[in-house]
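Descriptive structure summary
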Amino acid sequence: MLETPAASPHLGRRAQRVEDRPLLTGRGRFGDDSPVRAGTLHAAVLRSPHAHARLLAVRADKVMALPGVRAVLTAADVQRWSKPFIVGVKAPMELWALAVDKVRYVGEPVAVVVAESRYLAEDALELLEADYESLPPVVNIRAAIAEGAPVLHEKVGSNVVSDRSFRYGDPEQAFALAPHRVALTVEYPRNSCTPIECAVVVAEFLSDQEGYDVQSNFMGPFSLHTVMAMALKVQGNKLRHRTFPDSGGSFGVKQAVLNPAVLMCLAARKAGAPVKWVEDRLEHLTAATSATGRLCHAAAAVEADGRITALSLDQLDDCGGYLRAPEPATFYRMHGCLTGAYAIPNLSVRNRVVLTSKTPTGLVRGFGGPQVYFALERLVQRIAVELNLDPLDVYRRNFIPRDAFPYRAAAGALIDSGDYQRALELALRDGRLDELRQRQAAARSEGRLYGIGFAAIVEPSVSNMGYITTVLPLEQRAKAGPKNGAIAAATVSIDPLGGLTVVIASAPAGQGHRTVCAQLAADVFGVDPDEVSVNTEFDTAKDAWSVAAGNYSSRFAGAVAGTLHLACQRLRDKLARIAAAQFGCEPDQVVFSGGKVYPKDAPERGQPFGRLAASPHWAPGLLPEGEPVGLRETAFWSPPQLTAPDEDDRVNTSAAYGFAFDICAVEVDRATGRVRIDRYVTTHDAGTLLNPALADGQIRGAFAQGLGAALMEEFRYGSDGSFQSGTFADYLVPTTCEVPDPIIVHLETPSPFTPLGAKGLGEGNNMSTPPCIANAVADALGVADITLPLTPSRVMDLLGMDDPPPSRGAAPVRPAGGKAGKALAAQGEILLPAEPEAVFAVLLDPAALARVIPGCHALHQTGPNRYRADVTVGVGMIKARYAAEIALSDLEPPHRLRLAGSGLSSMGAARGNGLVTLEPRDGGTLLRYDYEAEVSGKVAAVGGRMLEGAAKIVLRQLFEQLGRQAGGKGATPSGSWWQRLLARLGVAR
């Protein structure tokens, strides 16, 4: 281990990132920047507008007639060339790359159009005709497990696809003997990450013998490479998977690229050419992946002094329409450390995996941790409140003692090192808790709402690849064979000019891997980091890797960097043996320092590192006897502590366990419900810090995401399953304006189980910040139940105040059948340059009405004042062509009428009605309208804010055109200010 500043002039110190210059000067090489072969085609995906429906047919005749369209991939092709994806739960449910028999969430892929340009492919989607038989959805956990609930997978027979119970110690007796039982029920919402770059895939089918070549910004785990290969019905070596040089963030979500990677491989096979697909933001939010929503009933057996003797967790995870690999990772990654930072000897757990009509879930930064700790840390706060104890005393009495490490937790985690008591004291000192309590007292004396919250979490890193098998009963695990370990791989080599090159089995997404690897190699070989080239492009056909490879679960510091250190040491030792033969000394007397290699007792005999390191390339015959040729070392490492789950379902889920203790002080505005963070303190023990500057960057990033989960971010669905958070207007994420700078405190207790003593820290605040803020708000308001995110409207509800209508949002419109999509409302008035009689006449004339309706291609009368229309409407990035029914009723010419309409398209359904009144005014007509509408499917995904604006614009455009038509002036001239405004807003005419 590199411990002293003399031995480590670079590692462990702050250093500027070597990655930044090309990124800041626009020379980043991201997925969409990367060159493609001549003749590469472009794909667009048709997605389901329904949350649950039978897929009856997909007709592509009109699409294939378009010049430039090369292929349409449908379910029949997918069934011919692939298999369903495998999952870790033995249940008869099938997830194909495209929907086969049913669709089970809005946004599920139904077909792929491949064309000569992205524009043509997107336009061609409008001509694809898909027939559905709508089925009742299940949009939350309680509805999915209710008796008589619609079943998403009939072969399973239930929406609960896994139900496992675990018992460690004697929790029943502990609860029976405890003087206090504290319980609560919490829900952790669905949310996600929003990387700057969405998914990108470039795929090619080579031949039946050669298989597929795919390049994507997939980030692992590369156990999913096996899942992809099996789905494509090829051996692993027939699926070459490469990453791009740069990745615009991931935070876990890009594991979900496995599905479109397979899909584009099949599209390339169908088209007979390479195919490129770039995910847009709407697709990403609607259909990429989601953090698992969790409903948890938690209870603790508690002594009078606050000591917890037993914990009971009844957990239900909302995994969406399908269980997609690597799920149920969110459940079982944390299984061994469910008791967190506490020495709780008795534990009972029930885990149920539930399917709902929502996007499948996957890895989102900290996966499993936010769900566990929101329940556990809210429970600790309730213990303090109900027993009238200082929360800090509850922490101190329950923390794992400092002399107990390595500590074996009740469910099997071997927690490697720590000093939780010391970390708490550092947080109190550097966070100036006494000052915060004085502020709280002053605020409360003035009637203001000020609260202080705490959270303590254990942060696992370097996942045991066998933890997911805990979902299987013992007999099924035995039949499948044991799975365990966390193999990491790294390679270092020296070229003929003495240059050092490092290759790692990871796919960084902005964390600074190249910087740390350069620091590490430079220290081992005694050179400057600038002399080390680090290659983070990953190629399964050429690089050393394992199923555990990838950039997830905070693997880098503990596993990847540690393995690189081992490889560098081996190559340095080889150079030392070569140099010792030249210097006439023992290998352990050879020094690598300052860019030179020399005998310890004779520095003047030293040679430049590059010269000595290059010589074995040019004169291999001069190598010492028995020394093999070649200057390249590849190291593999797997911690022996990561064993398979035992017969009692105990499992050490990770190799290392960091620790974080957070303090949050908030003030809540009574008038607006806004939560203002007054101070946030986060103390981290991540073992040996490899680069403190990068560590602080990771902490700040995770804190920002944790704050978003606490205060803003939530995927919302209508009761019909329609997705309603498809833009950043409705899926709010924090910006620098909302994120305060946290006070960061470090404590280092090196891990005895990783090569450098390092642990992960990039996910901790995603786990600790949501419950810490929730505890602070609960303290400020004096409430027991907290639901995330704590938006102003939710806080106002907690205060017992009715939120004003503009903040509360429109109430859902309930159409026939009991479904509800996104509700809209628009009211207004407009002065038209024609008398009421003329305006009314236009409304009753089919030919004139067709010229008035925005986006109308055709209008046919089907009865008295009833019409069938072909209409295109666009909102933002969504454009849909509707088969519409329009009706005029309650006619009182020329004063008033009711206008109603409904429509169906591949993008969803829409319906609405409104009252229109006409009043003579100054030789013209004052038209007033009061209209309500409801949309579902993909159109609803753009969110309420954009839809409300679009509804008002479209209605105003309709009535302005009505006035022009009635006044004999015809349609709005091309290029008018109004048309330009509509075009800018994306409203199709």
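In this text, all values refer to a predicted model and were calculated from it rather than measured experimentally.

A closer look at the sheet that holds strand 6 (residues 129–134)
The strands making up a sheet associate through backbone hydrogen bonding, with each pair oriented either parallel or antiparallel. Spatially, 3 strands are ordered 4-2-6 in an open sheet, and the strand pairing comes out antiparallel. Unpaired on one side and paired on the other, strand 4 (102–103) and strand 6 mark the two borders of the sheet. Across 2 bridges, strand 2 (residues 53–59) lies against strand 4 in antiparallel orientation. The partner of Arg54 across the bridge, within strand 4, is Lys102.

Here we look at the sheet that holds strand 12 (residues 275–278)
The sheet built from 7 strands is open, its strands ordered 3-5-1-12-9-10-11 with mixed pairing. In the strand order of this sheet, the two ends are held by strand 3 (69–73) and strand 11 (239–243), each with one partner. The mean angle between the axes of side-by-side strands here comes to 25 degrees, regardless of whether they run parallel or antiparallel. Sheet topology note: the strand 10 (residues 211–216)/strand 11 ladder contains 5 bridges and is parallel. For Tyr212, the partnering residue across the bridge sits in strand 11 and is Leu239. The sheet strands contacting helix 8 (residues 258–271) are strand 1 (41–47), strand 3, strand 5 (109–115), strand 9 (200–207), strand 10, strand 11 and strand 12, and the helix crosses strand 9 at an angle near 45 degrees.

Focus on the side chain of Ser216
When you line up the elements, Ser216 lands in strand 10. Overall, the relative accessible area of 0% leaves Ser216 in the buried class. Among the polar contacts listed, one links the side chain of Ser216 to the side chain of His241, at a separation of 2.7 Å. Among all residues touching Ser216, those that are not within four sequence positions of it are Val200, Val201, His241, Arg242, Thr243, Phe244 and Val257.

Digging into helix 20 (residues 764–781)
The end-to-end C-alpha separation of helix 20 is 26 Å, in line with the 26 Å expected for 18 residues at 1.5 Å each. The element helix 20 is extensively covered by neighbouring structure, given that 17 of its 18 residues are classed as buried. Note on helix 20: the residue one or two positions beyond its end, Gly782, has a positive phi of about 70 degrees.

Points about empty space enclosed by the protein
According to the stated counting rule, one finds 6 cavities of 30 Å³ or more in the structure shown. Ala256, Pro260, Glu279, Ala287 and Ala288 are, among the 19 residues lining the second largest cavity, the residues nearest its centre. A total of 4 residues in the lining of the second largest cavity trace back to one element, the largest contributor, which is helix 9 (residues 281–288). Of the residues belonging to the lining of the second largest cavity, the class tally is 12 nonpolar, 2 polar and 5 charged.

Here's the deal with the pattern of salt bridges
Any two side chains of opposite charge can pair, given that their charged atoms come close. Evaluated as defined, the whole model comprises 58 salt bridges. When the shortest N-O distance is used, the salt bridge between Arg700 and Asp741 registers 2.8 Å. Residue Arg700 is located in helix 19 (residues 692–711), and its partner Asp741 is located in the loop between helix 19 and strand 28 (743–747); the two are separated by 41 residues in the primary sequence. Under the relative-accessibility criterion, Asp741 is labelled exposed at 56%. Residue Asp890 pairs with Arg898 through a salt bridge whose shortest N-O separation is 3.4 Å. For Arg898, a relative accessible area of 27% translates into the label partly exposed.

Reading the values: rules and limits
- Residues numbered from 1 in each chain as written.
- Predicted model: local features only at pLDDT ≥ 70, side-chain atom pairs only at ≥ 80, totals over all residues.
- Heavy atoms only, no water.
- Pairing = 2+ DSSP bridges.
- Helix = DSSP H or I, 4+ residues; strand = E, 2+ residues; numbered from the N terminus.
- Axes fitted to C-alpha atoms, helices over the stretch in contact; angles between N-to-C directions.
- Contact = heavy atoms within 4.5 Å.
- Buried < 20%, exposed > 50% of the residue type's maximum accessible area, 1.4 Å probe, protein only.
- Polar contact = N/O pair within 3.5 Å; in protein donor to acceptor, adjacent residues only side chain to side chain.
- Expected span 1.5 Å × (residues − 1).
- 1 Å grid on protein atoms, 1.4 Å probe; cavity = no way out; pocket = protein on both sides within 12 Å on 5 of 7 lines; lining within 4 Å.
- Points joined across faces, edges and corners; volume = space filled by probe spheres on them.
- Nonpolar A, V, L, I, M, F, W, Y, C, P; charged D, E, K, R; others polar.
- Salt bridge = Lys/Arg side-chain N within 4 Å of Asp/Glu carboxyl O.

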